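Here's the letter readout for the chains.
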Amino acid sequence: MQPINRTVTWPNHTAMITGVNAARHDVLLNGDVIFGEHREPPRIEPWIDKEKMVHVPEVYDLARENGLTTAQVDWVAIHHAHGIQWRFPELPDPDGEVERDLIAQGVVTAEQLRDFNKSSSAWRDQIRIDAVADILGSIIPTCWCYTLLTSITRTCLRSDRSRESYVNEES
């Protein structure tokens, strides 16, 4: 049996599910490199539409084209991806369908969603888990992509797996 072919580029946590390497899908970072003027350092602009950033279909695109149900919670290189039906993006939108459900349930407020990235990664991951539960309460996706940043940060920065690697952690 062949292993799943995926490209993972560290330290930027870009995990692609295209079946091809970066020479074909063209994603090297979690965004486009924007070069500054007057010796300003370059920066990464992550909010690039998926169709402009990833130059081949991803597994969820093919799943949707074939009538399967797709969902994502904080998956990378997926901004405005047309192949995703259910979504809780990296930058939640208080007007999004899943986000409105979470607000109605009292899980989170619109203000907390607007300031989402100002909170601890552990708190954000709890809200992501709540988003997963919300989506699974509506449908069972055939193709599912999600990221929990606390586990990525813990794996990359804290290999001791101590309790402290799960709490009071800022990314």
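Since the structure is predicted, the reported quantities are computational estimates derived from the model, not experimental observations.

J.: What should I look at first to understand the environment of Glu-99 in this one?
T.: As for its position among the elements, Glu-99 is in helix α4 (residues 97–104). For the pair Glu-99 and Asp-130, spaced 31 residues apart in the sequence, the C-alpha separation amounts to 10.0 Å.

J.: For this particular structure, what's the right way to read a nonpolar patch on the surface?
T.: Taken together, Val-33, Phe-35 and Ile-44 make up a surface patch of nonpolar side chains, about 290 Å² in accessible area. Relative to the elements of secondary structure, Ile-44 occurs in strand β4 (residues 43–45).

J.: Looking at this structure, I do not really get the sheet that holds strand β7 (residues 143–146). What am I missing?
T.: The strands making up a sheet associate through backbone hydrogen bonding, with each pair oriented either parallel or antiparallel. In space, the three strands of this open sheet follow the order β6-β5-β7, with parallel pairing throughout. Only two strands of the sheet have a single partner each, and these edge strands are β6 (86–88) and β7. Each strand axis lies, on average, 5 degrees off the axis of its neighbour in the sheet, ignoring direction. In terms of strand pairing, strand β5 (residues 70–73) meets β6 through three bridges, oriented parallel. Considered in β6, the bridge of Gln-72 is made with Arg-87. Docked against the sheet, helix α6 (residues 121–138) engages β5, β6 and β7, running at close to 165 degrees with respect to β5.

J.: Honestly, the nonpolar core in this entry has me stumped. Any pointers?
T.: A general feature of soluble globular proteins is that nonpolar side chains tend to end up buried together. One finds Phe-88, Val-98, Leu-102 and Ile-135 to be the most contacted residues of the largest nonpolar core, which totals 14 residues. Breaking this core down by element, the ones donating at least two residues are β5, β6, α4 and α6. It is α6 that provides the largest number of residues to this core, a total of four residues. Discounting residues that sit within four places of it in the chain, Ile-135 has contacts with Ala-71, Gln-72, Val-73, Trp-86, Val-98, Pro-141 and Trp-144.

J.: Mind showing me how you'd approach the pairing of β7 here?
T.: Both faces of the sheet carry side chains from a regular strand, because those side chains alternate between them. Covered by surrounding structure in β7 are Cys-143 and Cys-145 only, the residues Trp-144 and Tyr-146 on the alternate face being uncovered. For β5 and β7, the ladder comprises four bridges, and the chain directions are parallel. Paired with Val-73 across the strands is Tyr-146, a residue of β7.

J.: Help me understand the environment of Glu-90, please; the structure alone is not making it clear to me.
T.: By the secondary structure assignment, Glu-90 is in the loop between β6 and α4. Note on Glu-90: relative accessible area 29%, which makes it partly exposed. With 18 residues separating them in the primary sequence, Glu-90 and Gln-72 have C-alpha atoms 9.8 Å apart. Setting aside anything within four residues of it in sequence, one finds Glu-90 in contact with Trp-47, Asp-74, Phe-116 and Asn-117.

Basis of the calculations
Residues numbered from 1 in each chain as written. Predicted model: local features only at pLDDT ≥ 70, side-chain atom pairs only at ≥ 80, totals over all residues. Heavy atoms only, no water. Helix = DSSP H or I, 4+ residues; strand = E, 2+ residues; numbered from the N terminus. Patch = residues over 30% accessible without salt bridge, like charges linked within 9 Å, V, L, I, M, F, W, Y side chains within 5 Å. Areas by Shrake-Rupley, 256 points an atom, 1.4 Å probe, with all protein chains shown as cover. Salt bridge = Lys/Arg side-chain N within 4 Å of Asp/Glu carboxyl O. Pairing = 2+ DSSP bridges. Axes fitted to C-alpha atoms, helices over the stretch in contact; angles between N-to-C directions. Contact = heavy atoms within 4.5 Å. Core = buried A, V, L, I, M, F, W, Y, C linked by side-chain atoms within 4.5 Å. Buried < 20%, exposed > 50% of the residue type's maximum accessible area, 1.4 Å probe, protein only.

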